[in-house]
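Structural overview
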Amino acid sequence: PKGLYIHGSVGVGKSMLMDLFYSACGADESPPDDYDDDDDDTPPHHEPVRRRRRRCHFHEFMLDVHGRMHAYKMEYPRADPVPPVAATLAKEARLLCFDEMQITDIADAMI
């Protein structure tokens, strides 16, 4: 996965730039059921598929992640919840755009 971090002073257009990028990535469409998802060439029998995306505040995202991890731990108390929760999130959105990213808990940074 590749990433980009935009930083700067208040009011210089960071969110606007991210909004433009997010909009340019196209509509949220789910791939066909038989779509090959291993990041190599798109199968020849399909048009290119625009993958699902998600734009949210980082705090909102981490609340969602922690909620999913708690639910997983309630069902599987001895298992590590991070890999299955991360796999689910990766299936739900190929592109994540975080606004207002601020890490105040080192555990969030590790996740």
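Higher on the page you've got the structure.
Counting of residues starts from 1 at the beginning of each chain's written sequence and follows it residue by residue. Local features in this predicted model are restricted to residues whose pLDDT is 70 or higher, and side-chain atom pairs enter the listing and the counts only when it is 80 or higher, whereas totals over whole chains, interfaces and linings include all residues. Hydrogens and water are ignored here; the side-chain numbers use all heavy atoms of the structure.

Attention now goes to the side chain of Asp-99. Secondary structure follows DSSP: runs of H or I at least 4 residues long count as helices, runs of E at least 2 residues long count as strands, and numbering of each begins at the N terminus. The topology assignment puts Asp-99 in strand β2 (residues 95–99). Separated by 3.0 Å, the side chains of Asp-99 and Ser-15 make a polar contact. Within 3.5 Å is the distance limit for a polar contact, defined as a pair of N or O atoms, with the added protein rule that one can donate a hydrogen and the other accept it, and that residues adjacent in sequence qualify only through two side-chain atoms.

Turning our attention to a nonpolar patch on the surface. A patch consists of residues exposed above 30% relative accessible area that lack any salt bridge, with like charges linked at up to 9 Å and nonpolar side chains (Val, Leu, Ile, Met, Phe, Trp, Tyr) linked at up to 5 Å. Note that accessible areas follow from Shrake-Rupley with a 1.4 Å probe, and for residues the cover is restricted to the protein chains shown. Basic side-chain nitrogens of Lys or Arg form a salt bridge, by our definition, when they fall within 4 Å of a carboxyl oxygen of Asp or Glu. A cluster of nonpolar side chains, namely Leu-4, Ile-6, Met-16, Leu-17 and Leu-20, defines an oily patch on the protein surface of about 540 Å² accessible area. Taking the relative accessible area as the measure of exposure, Ile-6 reaches 33% and is therefore partly exposed. Working definition: with a 1.4 Å probe on protein chains only, accessible area under 20% of the residue-type maximum means buried, over 50% means exposed, and in between means partly exposed.

Let's shift gears to helix α2 (residues 58–75). Taking 1.5 Å of rise per residue, the 18 residues of α2 would be expected to cover 26 Å, and the 26 Å separating its terminal C-alpha atoms lies within 8% of that figure. Residues Phe-58, Phe-61, Met-62, Val-65 and Met-69 constitute the buried set of α2. When α2 is viewed along its axis, its buried side chains cluster within an angular range of 95 degrees and face the same direction. α2 presents His-59, Leu-63, His-70, Met-74 and Glu-75 as exposed residues on the side facing more than 90 degrees away from its buried surface. Residue contacts follow a heavy-atom distance rule, with two residues in contact if any of their heavy atoms lie within 4.5 Å. Those residues of α2 that are buried are in contact with β1 (53–57), α3 (82–92), β2 and α4 (106–110). A helix is expected to span 1.5 Å multiplied by its residue count minus one. In this description, the arc belongs to the directions extending from the helix axis to the C-beta atoms.

So, on to the packing of aromatic side chains. Within 6.5 Å between ring centres, the rings of Phe, Tyr and Trp (the latter by its six-membered ring) count as paired, and their orientation is classed by plane angle as stacked under 30 degrees, edge-to-face over 60, tilted in between. Evaluated as defined, the whole model comprises 3 aromatic pairs. Ring geometry for Phe-58 and Phe-98: centres 5.2 Å apart, planes at 85 degrees, overall edge-to-face. Pair noted here: Phe-58 is in helix α2 and Phe-98 is in strand β2, with a separation of 40 residues, a long-range link. Classification of Phe-58 by relative accessible area gives buried; the value is 6%. Look at Tyr-72 and Tyr-76: their rings are 4.8 Å apart centre to centre, the planes differ by 40 degrees, and that puts the pair in the tilted class. Residue class for Tyr-76 comes out partly exposed when judged on its relative accessible area of 39%. One aromatic cluster is present, built from ring pairs that chain together Phe-58, Phe-61 and Phe-98.

This is a description of form; function is not addressed.
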